[in-house]
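Observations on chain architecture
Okay, here's what each chain looks like letter by letter:
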Amino acid sequence: MKQSNDNKQNESKLSRRDFLKLGGALTIGVASVGLAAPLFRPLSGEQTQQDLNKFISTRKKDFVDYTRARAIPTICFGCTNHCGVIGWVQDGKVRRIEGNPLDPNSLGNTCSKTHGMISYTYYPERLLYPIKRVGKRGEGKWRRISWQEAIQEVGDRLKTCRESGHPERFIFHYGRDKTKGFTKRFTNAFGTPNRLNRRAICSSNRRVPLMSYYGRDFEWETQDMENTKYILNFGSNPMEAYQGGLYMMHRIQKARVDNGAKMVSFEVRPTATVNCSEEYFKVMPGSDGAIGFAMANVIIDEGLVDKAFWERWANISLAEIKEHIKDWTPEHAEKLSGVPAKDIRRIAIEFAKAAPHCTTMTARGSAKHYNGTQGDRGLRMLDVLVGNVGRKGGLCLTSGRMWGGGKYGQDGLPSVSQPKPKPPKPKAFTPGTAAYEDLPDDIKAKVARLDPQWQKKYQGELATPAEYPLSWHWYGMKVGQLVQPYIREGRAKVDVYMSYTYGAAYGYPEAKVCREVLLDEKLVPFHVAIDIDYSEHAALADMILPEATSLERWDPHSTNCYGLVPYTGIRQPLVKPLGEAREIQVIFRDLARHIGGGMEQYFDYENVEDFYKEWYKNVSAKIPGGWEEFKRRGIWQDPDRAKDYELYERPVPEKELLGSTVDPETGVISNTIKGKKRTVGIMMPNPETGEMEAVRGFPTPSRKIQVYDPVFPLAAKSAGLPEGDPNGNALPTLFTIPGFDELKEDDMILTTFKWNVHTQGRSSQWEFHAEIVHTNQLFINTRTAQKMGLKTGDEVEVTVQRPRGLTYRGGINEVVGVVRNRVHLLDGVHERVVCFAHAGGHWEHGAVARAENRESLPIKEPDSGLKKDFSNEIWWSKERGGTGNGAPMNDVLPINPSPLVGGQNWFDNICQIRKIS
Amino acid sequence: MSELSCSQKADIFSLLGRIFIAELDRESLLALQEPQISSVFEKLQTGCKDYLLNTSWDDEQIELLASEYCHLFILPKKSGLSLQASHWMTKDEASHLAQLETIISHLDTSVVNYDAGNLPGDHLGVLLYFLSAVYHSEDKEIQKLGNSLAAISLLPWIARFNEKLSQSSSNPVYLASGKLLLQILDYKEP
Ligand code: SF4
């Protein structure tokens, strides 16, 4: 055999004459037009010669030469924190990233994930060209196309859709969009309300209690961590994965070390935050609210309420609340959570005594449950009771995160807003409009049941699902996990589906439903994906447009400041997009121009930088050196501005009082701003003089903290919830997750978490991070495992049941899915919990994510003289004897939106574990 | 018999650069059909001439070819055939090569008959075009560096690349091109 191969080789060996023939043919130019056109001009010059000689002779490793490299500030996109960073660029390539010390949130710190941006920009399987499918959808057959062809085809389809009178049939579905409204500019200009997000997957359940209590502008709290003395942590994990986590973690540690602050954590597993806590209590999933209500009872009973604060700012009397929560005692909470009543009492007293230098910290852990919204409303009450809200060391609320979009606490800040002209918002689906008439009759009936305030705003089942009015009451959080099921049910029609850095086909609950719908060309006639990567979702597209990475493009930046002084920053390109990747701003500009019909006027720029220069012109005006200096610094903050303590006590500016009216009963001050009647403040007695004065209050309808919120029963009635359902209670309410009170002996609760070196499912191809964490084993309590006869490394089968309650297919007696995984025994996990990181088991995103043996590597050729290099090997691939890349667990998690709000209840999964022998 | 001149070598590298940098189009196929070229390709890979001359290069065939290029090199999921050297090299080799990318990034590009975009500096097509530019130099000292540069940038990985190519593709042009690449790197004047 070897002989014959050698012969074959010899047969194809070119002689010198052949080379001359070939060389001659090319040189005389017979083929020069088609083949031999050069890419580079011939090399010349002494410098080139020296450079090449040096390269050949030194054989040195590449390094960052700081005498030559340029430091350019930008904003990290490694995770949702968006820290200010500085990239070192040498010879057109980003070599290193470090923190920007001017960032008042990160204070110059970064985490390892920031280098993920280098990984995803330069990894060899990055998508560099527009491609179009040539086989069946999902078959994986593609061809490269030009941008001209791509814009032509997508643009034609969009144009047809828009001109058909049904612009809502263009669905724009995004995963992580930090363009601060730029993509909305496109969808608004187009006229579709269907700019769908992943808020429900992420955080609706925890945003709603905040917005209900404090107003739309405070969808996210900003604890004054560095000045606090006591932190009550209900299932949040800033030390590893949390929006704002990096900003909080060093402040928490500073408070603990310098101020002797204490942190008490209620969790289901031993997180890094738990490890930094003074006390840790394992709690039954979904019982955080019970602990909160119990603590509220203790604080009231012990006379530790800050009565002055409560009476001034809460919108309900203490007596009413006391009566409402009286049965939810520490003993009751102990039964539900497993936390001893005596500890609940002790901690509640400690917390209240530390006021106002104390704060709660809640996040997805407490909120992503069927009872999570109401439970978090209970937890929110603790801060109001002890009066730490907005105070030094307490639970603070800082100026609106979106300058230009927010309406609260921004007095004196330069306006930062998109260049004009701005497109109008898409119209509501009211009777008589084409979009409304297109709705199925049963949906029309649901719309008719909505309260008039929501009927007026209704824009179809994808953007404003009638059964989830609280998902779009404050702003459009949508219910992303229902988009594909709703399309399948015929609740919405699709002409063009555009996904943008979106991974539902892998990372959403019951992701298989999403895949089935995307594969159905009747339901989704055209799917164009915009992504930096060949993801599972993009793999189900008809066309993929490669986007510039965060190191190659512009974005505005604003987020809440944990130093409590608002700031802004700019993401700017450090290098040119690789291959033919393009910035979203260029893609949308070209599409808008192709579609025409007036859309093009909103994208009237050639150079993307000019667009952002205009966007930030008021900030630039504040900086000596203007725009160029802003770019050089990357961050702007007013150094003289006071911290955002007690914003609610600030006086209403004179100009807003001019022409205002005051409600004689409530004291609420209203005025007409930009043609709309809005509340701007509230009349309150001056605490010292007793004289009435106009102060800001909170941006809620009552301008007070809405512990009581009538929007809940209104939403329940509108959504058709049964009378008395606790989800619709105007007061924070305790109830158990359906099915949790009937758990059988062997039922377990399956929960998920995020690894600290990964960002959801989008980082699995970052090879250095994948080398650290590449799998998603199932963590289980040691004693529980031993009872089952399990040891670390054993394979188990996990069977997940359909949840009960008023949710998607709720109460149907069925198995959602079965998956195999390996267990890892860990003492600190709750006895009834099994948990796994959801970023595992990828089947796209390249060889690193798939943990596939790289056959290309020299290890296969030990005799070749090439050095074995384990650092470049996927040593965790199964072929190499490793664990592989884990299990695709998301497929077995049920679609489970919370009633009214729609937030995914990630942590309510009842399952059974069976050892595989 | 005369020697294979540097400019002829340069043209061969340029030809290979074109074949690997993008899918073949009608123009490049037309050029490959030239008798002197197709006969050399036939020698490298039996059936290549027939494939080049007797395939009806209609839209469907051109699309198939484009799809094959995409499958092999743009989304190399099954083939593992990344065109980037860093996919094949050890970290140390790739790190050293990055310095050459630096030099390449400073070079002027000239107009080519397709849109090359801003390709990574370690892309096979770019490296081949770069070697072509080295051999095309009028500066003899630079020309002389061609072999060393090829040895550092291509030799560590091109044999494995070619082996994988021969397993993943049955397209005679790519098979012949892989062999040609190996042989031109190995070429020595007698
Ligand atoms: S915390 Fe997030 S934004 Fe900040 S450096 Fe890490 S990855 Fe980047």
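Residues numbered from 1 in each chain as written. Chains lettered and ligands numbered in written order. Predicted model: local features only at pLDDT ≥ 70, side-chain atom pairs only at ≥ 80, totals over all residues. Heavy atoms only, no water.

Below, the discussion takes up the overall build of chain A. Along its length, chain A carries 32 helices and 29 strands. Here the C-alpha atoms of chain A give a radius of gyration of 29 Å, agreeing with the 29 Å that 2.2 N^0.38 yields for 917 residues. In terms of its C-alpha atoms, chain A occupies a principal-axis envelope of roughly 105 × 70 × 60 Å. For chain A, buried positions account for 63% of its 917 residues. Long-range pairs, those at least 24 residues apart, make up 72% of the contacts in chain A between residues at least 6 apart in sequence. Summed over its atoms, the accessible surface of chain A is roughly 34,000 Å², and 50% of this surface lies on carbon and sulfur atoms. Between the averaged position of the 125 positive side-chain charges in chain A and that of its 112 negative side-chain charges there is a distance of 3 Å. (Helix = DSSP H or I, 4+ residues; strand = E, 2+ residues; numbered from the N terminus. Rg over C-alpha atoms; globule rule 2.2 N^0.38 Å. Buried < 20%, exposed > 50% of the residue type's maximum accessible area, 1.4 Å probe, protein only. Contact = heavy atoms within 4.5 Å. Areas by Shrake-Rupley, 256 points an atom, 1.4 Å probe, with all protein chains shown as cover. Lys, Arg positive; Asp, Glu negative; His and termini not counted. Charge placed at Lys NZ, Arg CZ, Asp CG, Glu CD.)

Turning to the overall build of chain B, a few remarks are in order. Per the secondary structure count, chain B includes 12 helices and 0 strands. Order of helices (α) and strands (β) in chain B, N terminus to C terminus: α-α-α-α-α-α-α-α-α-α-α-α. On C-alpha atoms alone, chain B measures out to a radius of gyration of 16 Å, which is about the 16 Å that the 2.2 N^0.38 rule sets for 190 residues. Here the C-alpha coordinates of chain B stretch approximately 45 × 45 × 30 Å along the principal axes. The proportion of buried residues among the 190 residues of chain B is 65%. Partitioning the contacts of chain B with sequence separation of at least 6, the portion at a separation of at least 24 is 69%. Summed over its atoms, the accessible surface of chain B is roughly 6,800 Å², and 50% of this surface lies on carbon and sulfur atoms.

The next thing to look at is the site of the ligand. In the vicinity of the ligand, the contacting residues are A:Cys76, A:Gly78, A:Cys79, A:Asn81, A:His82, A:Cys83, A:Thr110, A:Cys111, A:Lys113, A:Thr114 and A:Leu246. Along the lines of polarity and charge, the residues of the shell around the ligand split into 5 nonpolar, 5 polar and 1 charged. (Near = heavy atom within 4 Å. Nonpolar A, V, L, I, M, F, W, Y, C, P; charged D, E, K, R; others polar.)

A few words now on the pattern of salt bridges. Residues and elements named next belong to chain A. Applying the stated criterion to the full structure yields 75 salt bridges over all chains. Among the ionic pairs, arginine 143 bridges to glutamate 149, the shortest N-O distance being 2.9 Å. Residue classification places arginine 143 among the buried residues on the basis of a relative accessible area of 14%. The class for glutamate 149 is partly exposed, based on a relative accessible area of 29%. The shortest N-O distance in the salt bridge between glutamate 649 and arginine 312 comes to 2.8 Å. Of this pair, glutamate 649 sits in the loop between strand 19 (635–637) and helix 28 (654–657) while arginine 312 sits in helix 12 (residues 307–313); the two residues are 337 residues apart in sequence, bridging distant segments of the chain. In the salt-bridge network here, residues are joined through shared partners; they are Lys262, Glu279, Lys342, Asp343, Arg346 and Glu350. (Salt bridge = Lys/Arg side-chain N within 4 Å of Asp/Glu carboxyl O.)

Another aspect to go through is the domain arrangement of chain A. When the domains of chain A are assigned, the result is domain 1 (1–39), domain 2 (132–202 + 423–549 + 581–606), domain 3 (215–399 + 709–728), domain 4 (651–695) and domain 5 (740–915). Each of domain 4 of chain A and domain 5 of chain A was reduced to a C-alpha centroid, and the two centroids are 54 Å apart. (Domains from an automatic or database assignment.)

Our next topic: the packing of aromatic side chains. Residues and elements named next belong to chain B. For the coordinates displayed, the defined rule picks out 53 aromatic pairs over all chains. Relative to tryptophan 157, the ring of tryptophan 88 lies with its centre 6.1 Å away and its plane at 25°, an arrangement referred to as stacked. One end of the pair, tryptophan 88, is in helix 6 (residues 85–88); the other, tryptophan 157, is in helix 11 (residues 155–168), and 69 residues separate them in sequence. Accessibility expressed as a relative area gives 0% for tryptophan 157, which makes it buried. On the numbers, 5.6 Å between centres and 75° between planes, the contact of tryptophan 88 with phenylalanine 161 is edge-to-face. (Phe/Tyr/Trp six-rings, centres within 6.5 Å; stacked < 30°, edge-to-face > 60°.)

Next up on the list: helix 3 (residues 35–44) of chain B. What helix 3 of chain B keeps buried is the set B:Ile37, B:Ser38, B:Val40, B:Phe41 and B:Leu44. Burial along helix 3 of chain B is one-sided: seen end-on, the buried residues are contained in an arc of 160°. On its buried face, helix 3 of chain B is in contact with helix 2 (16–27) of chain A together with helix 1 (6–21), helix 2 (26–32), helix 4 (48–54) and helix 12 (172–186) of chain B. (Arc of directions from axis to C-beta.)

With that out of the way, let us pick up the environment of A:Pro722. All names here are of chain A. If you trace the backbone, proline 722 turns up in the loop between helix 29 (711–719) and strand 24 (748–753). What makes proline 722 partly exposed here is its relative accessible area of 47%. For the pair proline 722 and leucine 806, spaced 84 residues apart in sequence, the C-alpha separation works out to 9.6 Å.

On to the sheet that holds strand 20 (residues 661–662) of chain A. Residues and elements named next belong to chain A. Read from one edge to the other, the open sheet built from 4 strands follows the order 20-21-22-23, with strand pairing classed as antiparallel. Sheet topology places strand 20 and strand 23 (692–695) at the edges, where each strand pairs with a single neighbour. When strand 21 (residues 668–673) meets strand 22 (residues 676–685), the two strands line up antiparallel, connected through 6 bridges. Across the sheet, the residue bridging to threonine 672 is lysine 677, located in strand 22. (Pairing = 2+ DSSP bridges.)

For the rest of this paragraph, the subject is the sheet that holds strand 9 (residues 230–234) of chain A. Residue and element names in this part refer to chain A. Overall, parallel pairing links the 4 strands, which are arranged 11-10-9-12 in an open sheet. In this open sheet, the two edge strands, each paired with only one partner strand, are strand 11 (279–282) and strand 12 (358–362). The mean angle between the axes of side-by-side strands here comes to 15°, regardless of whether they run parallel or antiparallel. As paired strands, strand 9 and strand 12 are joined by 5 bridges and run parallel to one another. From the neighbouring strand, tyrosine 230 faces strand 12, where its bridge partner is cysteine 358. Along the sheet face, helix 11 (residues 288–301) touches strand 9 and strand 10 (262–267) and points at about 145° away from the line of strand 9. (Axes fitted to C-alpha atoms, helices over the stretch in contact; angles between N-to-C directions.)

Each side of the interface is counted separately: chain A has 83 residues, and chain B has 96 residues. Counting each side, the surface lost to burial between chain A and chain B is near 8,400 Å², with a carbon and sulfur contribution of 61%. On inspection of chain A and its partner chain B, the count reaches 5 salt bridges. Residues A:Lys93 and B:Glu101 are paired through a salt bridge, measuring 3.1 Å at the closest nitrogen-oxygen approach. Taken together, chain A and chain B are joined by 12 residue pairs in polar contact (both at pLDDT 80 or more). Contributions of two or more residues to the side of chain A that touches chain B are made by helix 2, helix 3 (46–58), strand 3 (93–99), strand 5 (142–144) and helix 30 (767–772) of chain A. Looking at the side of chain A that touches chain B element by element, the count peaks at 12 residues for helix 2 of chain A. Split into classes, the residues belonging to the side of chain A that touches chain B amount to 37 nonpolar, 16 polar and 30 charged. (Buried area = accessible area lost by both parts, 1.4 Å probe. Polar contact = N/O pair within 3.5 Å; in protein donor to acceptor, adjacent residues only side chain to side chain.)

Residues and elements named next belong to chain A. For helix 9 (residues 245–259), built from 15 residues, the straight-helix expectation of 21 Å at 1.5 Å per residue is met to within 8% by its first-to-last C-alpha distance of 20 Å. Within helix 9 the residues assigned to the buried category are Gly245, Leu246, Tyr247, Met248, Arg251, Ile252 and Ala255. Check the buried side of helix 9 and you find it contacts strand 8 (222–223), strand 9, strand 10, strand 12 and strand 18 (567–571). One or two steps after helix 9, the chain reaches glycine 260, where phi turns positive at roughly 65°. (Expected span 1.5 Å × (residues − 1).)

Let us now look at the environment of B:Thr102. Position of B:Thr102 relative to the elements: it lies in helix 7 (residues 91–105). For B:Thr102, a relative accessible area of 9% gives the class buried. Residues B:Thr102 and B:Gly121 lie 19 residues apart in sequence; the distance between their C-alpha atoms is 7.8 Å. Discounting residues that sit within four places of it in the chain, B:Thr102 has contacts with A:Arg68, A:Asp91 and A:Arg95.

Within a regular beta strand, the side chains point alternately toward one face of the sheet and then the other, so they alternate between its two faces. Residue and element names in this part refer to chain A. Along strand 24, 6 of the 6 residues are buried, which leaves the element largely enclosed by surrounding structure. A two-sided burial pattern is seen for strand 24, the buried positions comprising Met748, Leu750 and Thr752 on one face and Ile749, Thr751 and Phe753 on the other. Inspection of the sheet shows strand 24 paired to strand 29 (residues 909–915) by 3 bridges, in the antiparallel sense. Directly across from isoleucine 749, in strand 29, lies its bridge partner isoleucine 910.

A word on the environment of A:Lys622. Residues and elements named next belong to chain A. As for its placement among the helices and strands, lysine 622 is situated in the loop between helix 26 (617–620) and helix 27 (626–633). Taking the C-alpha atoms as reference points, lysine 622 and arginine 914, separated by 292 residues in sequence, lie 64 Å from one another. Residues contacting lysine 622, with those up to four places away along its chain left out, are Gly412, Pro414 and Trp636.

Once that is clear, we can look at the packing of helix 3 of chain A against helix 10 (residues 146–153) of chain B. Following both chains from N to C, one finds helix 3 of chain A and helix 10 of chain B inclined at 50°, their axes separated by 10 Å at the closest point. When the axis of helix 3 of chain A is compared with that of helix 10 of chain B, the two are oblique. As for how helix 3 of chain A packs across helix 10 of chain B, the hand of that crossing is left-handed. For the pair formed by helix 3 of chain A and helix 10 of chain B, the contact residues are A:Leu52, A:Phe55 and A:Ile56 on the first element and B:Ser148, B:Leu149 and B:Ile152 on the second. The residue makeup of the contact of helix 3 of chain A with helix 10 of chain B, split by class, is 5 nonpolar, 1 polar and no charged. (Parallel < 35°, antiparallel > 145°, perpendicular 65-115°, else oblique. Left-handed = near helix turned anticlockwise from the far one by under 90°.)

Here we take up the nonpolar core. In this structure, B:Phe130 and B:Phe161 are the most contacted members of the largest nonpolar core, which totals 109 residues. With 10 residues, helix 8 (residues 124–135) of chain B is the single largest residue contributor to this core. Leave out the neighbours within four places in its chain, and B:Phe161 touches B:Phe20, B:Phe73, B:Leu81, B:Ser82, B:Leu83, B:Trp88 and B:Leu124. With 60 residues, the next largest nonpolar core counts A:Ala290, A:Phe309, A:Phe351 and A:Met684 among its residues. (Core = buried A, V, L, I, M, F, W, Y, C linked by side-chain atoms within 4.5 Å.)

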